[in-house]
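Examination of the molecular architecture
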Amino acid sequence: MSKLLQFPSQRQLVERLLHLIEFNHPFIFLSGPAGSGRATLCELLLTRLPEKVQVVSLIGRPDMKMGEVRQLLLEQIVDKPLFNPQDALADSFFRMMEGKPATLLLLIERAHELPAEVLSELWTLCRHNDTLTKPHQLATLLTADDAWCRTVRPGLKGRAMPSLELEVAPLSAPEQRIFLYEKAKAQKIPATLLPKAKVEEILSQSKGQPSIIMQALEDIMTDRRPKKSQPKLPIKQVVLGFVAVIGILLALTYLLPPLFSDKPEGQEMAKPVSTTLPAPIPGESPAGAVNQADTQLGAASNDSGALVRDWKPESQVLPKKVESETVTAESGNYEGRRIVISDDVVEKLMTGPSVSGALPSEVVKELTGDASNVAPSNGQAGSQAKQATGNQAATTAPASQTGPAKIVEQAASAPRVALTPVTTLQQKAKTHYSVQLMGASNRPAVDSFVAENQLSGKVWVYQTQFRGSPWFVVLQGDHASLQQAKAAIRQLPPALVKGQPWPKSFAQVQKELKP
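An account of the accompanying structure is given in this report. (Residues numbered from 1 in each chain as written. Predicted model: local features only at pLDDT ≥ 70, side-chain atom pairs only at ≥ 80, totals over all residues. Heavy atoms only, no water.)

So, on to the pattern of salt bridges. Counting across every chain of the model gives 11 salt bridges. Lysine 428 is the salt-bridge partner of aspartate 478, the closest N and O atoms lying 3.6 Å from each other. Taken together, the positions of aspartate 478 in strand 8 (residues 469–479) and lysine 428 in the loop between helix 15 (422–426) and strand 6 (433–440) put the pair 50 residues apart, joining distant regions of the chain. One network of salt bridges, with partners in common, ties together Arg61, Asp63 and Glu68. (Salt bridge = Lys/Arg side-chain N within 4 Å of Asp/Glu carboxyl O. Helix = DSSP H or I, 4+ residues; strand = E, 2+ residues; numbered from the N terminus.)

And the structure:
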């Protein structure tokens, strides 16, 4: 059992509750602030009750309706009861228990979160039981916060024994220190994480409440210290600034070119400069008509203002071969010379297959006069092309055959695990515990873990934040106490125990679920 219950003040309170329940059958309010240890005291009380006492328990939630409360209570008293959920609790109880004396303890936790009708119907049940000839041994214990108990208790009247209120006192300073170190030892928190200054800070903030100490230790384990909120990025200002920069750049593109231009405004376009035609290359053709026309054209072009009026095209055909004055790099006047290539050479250049940027070998041989080696025929070229294509297909075939096999091997992956709805975990009792099997920032790692250990449908998976990044947690089991959660860990398979699972309260889980 929890270390809290080993303190003298807590043992005395439990002993007093046992005495009142067994002999006086009272109507008791167990009050205290949230986290004072009310639920832990109830756990110890249930372990100390005599076997003859039948316990009917209920943990209140704000969303509970009165019909649901009646159903949950009556189903624990009678197996497969027949009743109308709209009837009062006392009417259904005494009708089903007629002639069947019973010893009952109605334990209602968090009574302040239940509808107001619950308290009045429980009080009516006790008053009606007092009027019976053979009353049932009936005791009622409600746990709630201080303010609610002090408000509703004075309104309960009409019984010889009035309702009682027992308050769970805060832990004393020595008890707080002992509790802190014992819990830190149980959770295996290193001493380096609990320096003296940190211990004093936790004790000063706890105000004697055990739950605050437990929460501080869980925060140390999970390193979930509060982070400073990052300032939000002013999106509107960023967009306006971006638009302003674009506008400035567009304006500069229109303004800068005229500023740097050397051409003065109003200047007319420069007149085109006329150049003389190059002198003709002397060849086999008679130079009479052609040379005379070239001379006249050159004379007319020397005068920049003259117009070429009578242009006569050359009537002589170009020579088929170049026989003289080959232009070389050493030529001093190669700009004005012309090279004439025969028609059959041009035809081979146009129809022959282009292999590279250089001239084909047969063209070179034609120009040099060496025609002894003739290029292979079209049939031979086609056969060589087919052979090359076949070799290429044979080379690429194995690669294409291995492609689908690799795709199949990469397709296998662990099935994706769906996240547990937040409402499912929020409905869990904060005093209950679960077992954290693993936590990871990688979603595929969680999927692989669940698949390897065959945990699909047996665990809860939720997402939280850890140091500003997504963090996925895998939980298993809903246990009413810390000891039950530890016992469940010892029953896990070796593969899961190897990951060092640890008990985690649903209060901490619900805190991590908050954005």
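Having seen it, we continue.
Here we have 5 strands laid out as an open sheet, ordered 2-3-4-1-5, and parallel in their pairing. What marks the edges here is a single partner per strand, and that holds for strand 2 (54–59) and strand 5 (164–167). The sheet shows a mean angle of 20° between the axes of neighbouring strands, direction not considered. Of the strand pairs in this sheet, strand 1 (residues 27–31) and strand 4 (residues 137–144) are connected by 5 bridges, and their pairing is parallel. Across the sheet, the residue bridging to phenylalanine 29 is leucine 142, located in strand 4. Of the strands in this sheet, strand 1, strand 3 (103–109) and strand 4 are in contact with helix 5 (residues 116–130), which crosses strand 4 at around 160°. (Pairing = 2+ DSSP bridges. Axes fitted to C-alpha atoms, helices over the stretch in contact; angles between N-to-C directions. Contact = heavy atoms within 4.5 Å.)

The final tally for this structure, using the stated rule, is 6 aromatic pairs. Relative to phenylalanine 29, the ring of phenylalanine 27 has its centre 5.7 Å away and its plane inclined at 65°; by these criteria the two rings are edge-to-face. Look at phenylalanine 29 and you get buried, because its relative accessible area is 0%. For the pair tryptophan 460 and phenylalanine 506, a centre-to-centre distance of 6.0 Å together with 65° between the ring planes defines the contact as edge-to-face. Taken as a pair, tryptophan 460 in strand 7 (residues 460–466) and phenylalanine 506 in helix 19 (residues 506–513) lie far apart in primary sequence, 46 residues in all. Taken together, the ring pairs connect Phe27, Phe29, Trp123 and Trp148 into an aromatic cluster. Above the plane of the ring of tryptophan 123 lies arginine 159, whose end atom (NZ or CZ) is 5.7 Å from the centre. (Phe/Tyr/Trp six-rings, centres within 6.5 Å; stacked < 30°, edge-to-face > 60°. Buried < 20%, exposed > 50% of the residue type's maximum accessible area, 1.4 Å probe, protein only. Lys NZ or Arg CZ within 6 Å of the ring centre and 35° of its normal.)

Attention now goes to the side chain of histidine 479. Here histidine 479 shows up in strand 8. Relative accessible area serves as the criterion here: at 15%, histidine 479 is assigned to the buried category. Not counting residues within four places of it along the chain, the set of residues in contact with histidine 479 comprises His432, Tyr433, Ser434, Val435, Gln484, Ala485 and Ala488.

What follows is about the nonpolar core. Of all hydrophobic cores here, the largest spans 37 residues; its most connected members are Phe27 and Phe29. The set of elements that each furnish at least two residues to this core consists of strand 1, strand 2, helix 3 (66–77), helix 4 (89–96), strand 3, helix 5, strand 4 and helix 6 (146–152). With 6 residues, the top contributor of residues to this core is helix 5. Those residues in contact with phenylalanine 27, other than ones at most four positions away along the chain, are Leu119, Leu122, Trp123, Cys126, Thr140, Leu142, Leu156, Arg159, Ser163 and Leu164. Among the nonpolar cores identified, the runner-up in size contains 34 residues, and Phe7, Ile202, Ile213 and Ala485 belong to it. (Core = buried A, V, L, I, M, F, W, Y, C linked by side-chain atoms within 4.5 Å.)

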